[in-house]
There are 2 protein chains.
Amino acid sequence: MNIYDVSRQAQVSIATVSRVINGNPNVSEKTRKRVLEVMDELGYTPNIFARSLGLNTMKTIGVMCADSSDPYLANAIYYLEQALRRNGYNSLLCCSGYLPDNKKKCLELLLSKRVDGVILAGSQYIESKPQDNNYLLEAAKQLPIMLVNGALEGKGIYSTICDDRTAIFKAANSLMISGHSHILFLYSGSSYSSIQKLKGYHDACSRAGLPHREDLICSCPKDLDETVRLLCTVAARGVLFNAVLASEDIMAVGAVKYAHRAGLSVPDDLSIIGYNNSTLARCADPEISSIDNKVEDLCNATVNTLMKVLEGETVPSKTVISGELIQRGTTNF
Amino acid sequence: MNIYDVSRQAQVSIATVSRVINGNPNVSEKTRKRVLEVMDELGYTPNIFARSLGLNTMKTIGVMCADSSDPYLANAIYYLEQALRRNGYNSLLCCSGYLPDNKKKCLELLLSKRVDGVILAGSQYIESKPQDNNYLLEAAKQLPIMLVNGALEGKGIYSTICDDRTAIFKAANSLMISGHSHILFLYSGSSYSSIQKLKGYHDACSRAGLPHREDLICSCPKDLDETVRLLCTVAARGVLFNAVLASEDIMAVGAVKYAHRAGLSVPDDLSIIGYNNSTLARCADPEISSIDNKVEDLCNATVNTLMKVLEGETVPSKTVISGELIQRGTTNF
């Protein structure tokens, strides 16, 4: 029994039913009478009406991501939806973009739609300035806030993260052990995850006793042509590298294209490792070795934690999952 | 001024404010008094309350797609969000999956969240049985229903489609003119768009005076390994083909991998054309010629039409955009 039943049976719009309930004068006496009769007939009251609008009754989880056209985030959304559905929850998604102001508006929109919890997919939600995260801390007072691959301390905030730092450390370490002492590291952005990956690369250099060389660390756009251009520029500058470790698969595909263009044999002259283990890594020739950051596991763990939180169980505020290097044709160690 | 302001100022949850408004007895006298005082102080009334819950005031458009992990749909969501935001609208997304029952539930969820219109992204929303589309016709009585690359006749329903049939016809025709009389056509599913593409292939065969050969038309999963396996099986059966025309880029990538495995030179021994002009087509080696179905244009046109509908303008119920073949390394004509 809800406002739609009243609207349908009285043959008026939902807005009209709402006007009648709220005593708005812009309704003809005839219509008002019909709506009230139907409400009476169906045993429908404004109190039930308010509840049908989503107050504490509809099981819906809000999901936010910065950009659904990013393959990693698109997959995350998909797995979150599936996991929520299996648990009997609907989900509403909101793509926020990367600007703090829009992220905040997006969260407000979901809150206004009376969701039971919010999942923030991707590490783009943790800002470097602590005060920019206050809106998350505020929202967490009202309902659980779940972070997929982002970490923030706060009551009502739960993080599920992939240990990107260790995954990159291990991949770089394997490359170094197999004779690659000049690894070009490509990264993008300043998200929580990006910073962890960069730390992992530094860890491996330290472990191997290699100096920190800024010329081997490049900020790179998530774009095929731009990546090829960047690698050509780096090589033209005289920087020598015999491996590329990329923080995104699309950059690793760019590295394969660069190798073809430069006449380098992969992996003999140039080893390449991507990140995310996405379809893009499989489309290249040779297929690209890539770190699987277990997005499906992350999403399932996030939803499991959320379900426990909503049932009132006490759960750890942080869950960590390990990444795994999937070896294909661009490495041989 | 909204329920959040009351909740914040009275330092109680939104649910508590709602209980007070609805006369629910589960509120202490002290809390009730504080909430009513704040409401009075802020000039906040239950009537405004009802409006703040989304009745005719919040500008939000619901967006549905079957599966956000599909790159075409992920891009569509992205472009729709961007276009809506430019027009001052928020958007809420719901991934419905492919089952009619879940699609219906998804639409009901968006309706219950009081959106001002609904955009259905992708041609998966038009079912072959007319009665399965009744829920769309019903919903269109309440608010505009916009179809991106799907067509359905009905009051309040607006379609923006890419002319997939002509795009495939032209591509197949170009292949035939350049000497490819045995074109293997790979398609997937039975969506409106899939059927149009198949018709386009048949049109080209008819135009060239070629017989309809069922052995050259293959239903193919949207999966790399499955595509390679399918092509090996078709070849093993003795079916000869010197071109592959695929209704999805991922299948075209599979065709490139098949050619490498079979020792065929691309495009000399085998020409390949994909569909969607996605990043996948660019990751392969050689890069794949692909039909650009103008998803960004489709999304922008959809939002433009929706804005006009919401402003009360009369607009055509169907807008058609042409696809365009982007030539790369897998064709030479």
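Further up the page is the structure itself.
Below: a short report on this structure. In this text, all values refer to a predicted model and were calculated from it rather than measured experimentally.

1. Side note on the pattern of salt bridges
Side chains that differ in sign of charge can pair as their charged atoms come close. Per the stated rule, a full pass over the model turns up 26 salt bridges over all chains. One salt bridge in this structure joins Glu 287 of chain A and Lys 257 of chain B, with 2.8 Å as the shortest N-O distance. Residue Glu 287 of chain A is located in the loop between α12 (279-283) and β10 (289-292), and its partner Lys 257 of chain B is located in helix α11 (residues 249-262); the two belong to separate chains. Here Glu 287 of chain A and Lys 257 of chain B have matching classes, each one buried. One salt bridge in this structure joins Asp 70 of chain B and Lys 222 of chain B, with 3.1 Å as the shortest N-O distance. In this pair, Asp 70 of chain B sits in the loop between β1 (60-65) and α5 (71-86) while Lys 222 of chain B sits in the loop between β7 (217-219) and α10 (224-236), placing the two residues 152 residues apart along the sequence. Of the residues examined, Asp 70 of chain B reaches a relative accessible area of 9% and is grouped as buried. Using a relative accessible area of 37% as the deciding quantity, one classes Lys 222 of chain B as partly exposed. Several salt bridges converge on common partners, so that one network encompasses Asp 225 and Lys 257 of chain A together with Arg 282 and Glu 287 of chain B.

2. Considerations on the sheet that holds strand β8 (residues 243-246) of chain A
Residues and elements named next belong to chain A. An order of β7-β6-β8-β9-β10-β12 is seen for the six strands of this open sheet, with the pairing classed as mixed. Single-partner strands in this sheet number two, and they are β7 (217-219) and β12 (324-326). Strand-to-strand, the axes of this sheet are offset by a mean angle of 20°, without reference to chain direction. The sheet strands contacting helix α10 (residues 224-236) are β6 (183-187) and β7, and the helix crosses β6 at an angle near 145°. With respect to the sheet, helix α11 (residues 249-262) is in contact with β6, β8, β9 (271-275) and β10, its orientation differing from that of β9 by roughly 160°.

3. Side note on helix α2 (residues 14-21) of chain B
Working note: α-helix, 3.6 residues per turn, so residues spaced by three or four point in the same direction. With six of eight residues buried, α2 of chain B is to be regarded as a mostly interior element. By the burial criterion, the buried members of α2 of chain B are Ile 14, Ala 15, Thr 16, Val 17, Ser 18 and Val 20 of chain B.

4. Some words on the sheet that holds strand β9 (residues 271-275) of chain B
Residue and element names in this part refer to chain B. Pairing in this open sheet of six strands is mixed, and the strands run β7-β6-β8-β9-β10-β12 from one edge to the other. Strands at the two margins of the open sheet, each flanked by one partner only, are β7 and β12 (324-326). For this sheet the average axis-to-axis angle between neighbouring strands, irrespective of direction, equals 20°. Where strand β10 (residues 289-292) and β12 come together, three bridges link them in antiparallel fashion. Residue pairing in the sheet places Ser 290 in a bridge with Ile 326 of β12. Sheet contacts for α10: β6 (183-187) and β7; angle to β6, the most-contacted strand, approximately 145°.

5. Some thoughts on helix α5 (residues 71-86) of chain A
Residue and element names in this part refer to chain A. Over its 16 residues, α5 extends 23 Å from the first C-alpha to the last, a length consistent with the 22 Å expected when each residue adds 1.5 Å. Three or more residues of α5 are buried, namely Tyr 72, Leu 73, Ala 74, Ala 76, Ile 77, Leu 80, Glu 81, Ala 83 and Leu 84. Capping of α5 at its N-terminal end is provided by Asp 70; its side-chain oxygen lies 2.9 Å from the backbone amide nitrogen of Tyr 72. Looking one or two places after α5, you find Gly 88, whose phi comes out positive at around 80°.

6. A look at the packing of aromatic side chains
Taken as a whole and judged by the stated rule, the model has eight aromatic pairs over all chains. Ring geometry for Phe 185 of chain A against Tyr 201 of chain A: centres 4.9 Å apart, planes inclined by 15°, an arrangement best described as stacked. One end of the pair, Phe 185 of chain A, is in strand β6; the other, Tyr 201 of chain A, is in helix α9 (residues 192-207), and 16 residues separate them in sequence. Just as Phe 185 of chain A is buried, Tyr 201 of chain A falls in that class too. An angle of 35° between the planes, with centres 6.0 Å apart, marks the rings of Phe 241 of chain A and Tyr 258 of chain A as tilted. Pair noted here: Phe 241 of chain A is in the loop between α10 and β8 and Tyr 258 of chain A is in helix α11, with a separation of 17 residues, a long-range link. As far as burial versus exposure is concerned, Phe 241 of chain A and Tyr 258 of chain A are alike and both buried. Looking at Lys 197 of chain B, its charged tip hangs above the ring of Tyr 275 of chain B, at a distance of 4.2 Å from the centre.

7. Some thoughts on the nonpolar core
Ranked by size, the top nonpolar core spans 199 residues in total, and within it Ile 119, Ile 145 and Leu 186 of chain A together with Ile 119, Ile 145 and Leu 186 of chain B carry the most contacts. In contact with Ile 119 of chain A, other than residues within four places in its own chain, are Ile 61, Gly 62, Val 63, Met 64, Leu 80, Leu 84, Met 146, Val 148, Thr 302, Val 303 and Leu 306 of chain A. Counting residues in each nonpolar core, the second largest holds ten residues, with Val 6, Val 20, Val 35 and Met 39 of chain A among its members.

8. Thoughts on the packing of helix α2 (residues 14-21) of chain A against helix α3 (residues 29-42) of chain A
Residue and element names in this part refer to chain A. Two elements in contact, α2 and α3, have axes separated by 10 Å at closest approach and are oriented at 90°. Between α2 and α3, the interaxial angle falls into the category roughly perpendicular. Of the residues in α3, those in contact with Thr 16, Val 17, Val 20 and Ile 21 of α2 are Thr 31, Arg 32, Val 35, Leu 36 and Met 39. Its residues placed into classes, the contact of α2 with α3 shows six nonpolar, two polar and one charged.

9. Brief notes about the packing of α5 of chain B against helix α13 (residues 295-310) of chain B
Each pair of packed helices gets described by two things: the angle between the helix axes and the distance between those axes. Residues and elements named next belong to chain B. The geometry of α5 relative to α13 is characterised by a closest axis approach of 9 Å and an angle of 40° between their N-to-C directions. Relative to α13, the element α5 lies oblique. As α5 runs across α13, the sense of the crossing is right-handed. Facing Tyr 72, Asn 75, Ala 76, Tyr 79, Leu 80, Ala 83, Leu 84 and Arg 86 of α5, the residues of α13 in contact are Val 295, Glu 296, Leu 298, Cys 299, Asn 300, Thr 302, Val 303, Leu 306 and Met 307.

What counts and how
- Residues numbered from 1 in each chain as written.
- Chains lettered and ligands numbered in written order.
- Predicted model: local features only at pLDDT ≥ 70, side-chain atom pairs only at ≥ 80, totals over all residues.
- Heavy atoms only, no water.
- Salt bridge = Lys/Arg side-chain N within 4 Å of Asp/Glu carboxyl O.
- Helix = DSSP H or I, 4+ residues; strand = E, 2+ residues; numbered from the N terminus.
- Buried < 20%, exposed > 50% of the residue type's maximum accessible area, 1.4 Å probe, protein only.
- Pairing = 2+ DSSP bridges.
- Axes fitted to C-alpha atoms, helices over the stretch in contact; angles between N-to-C directions.
- Contact = heavy atoms within 4.5 Å.
- Expected span 1.5 Å × (residues − 1).
- Polar contact = N/O pair within 3.5 Å; in protein donor to acceptor, adjacent residues only side chain to side chain.
- Phe/Tyr/Trp six-rings, centres within 6.5 Å; stacked < 30°, edge-to-face > 60°.
- Lys NZ or Arg CZ within 6 Å of the ring centre and 35° of its normal.
- Core = buried A, V, L, I, M, F, W, Y, C linked by side-chain atoms within 4.5 Å.
- Parallel < 35°, antiparallel > 145°, perpendicular 65-115°, else oblique.
- Nonpolar A, V, L, I, M, F, W, Y, C, P; charged D, E, K, R; others polar.
- Left-handed = near helix turned anticlockwise from the far one by under 90°.

Function cannot be inferred from these measures alone, as they are strictly geometric.
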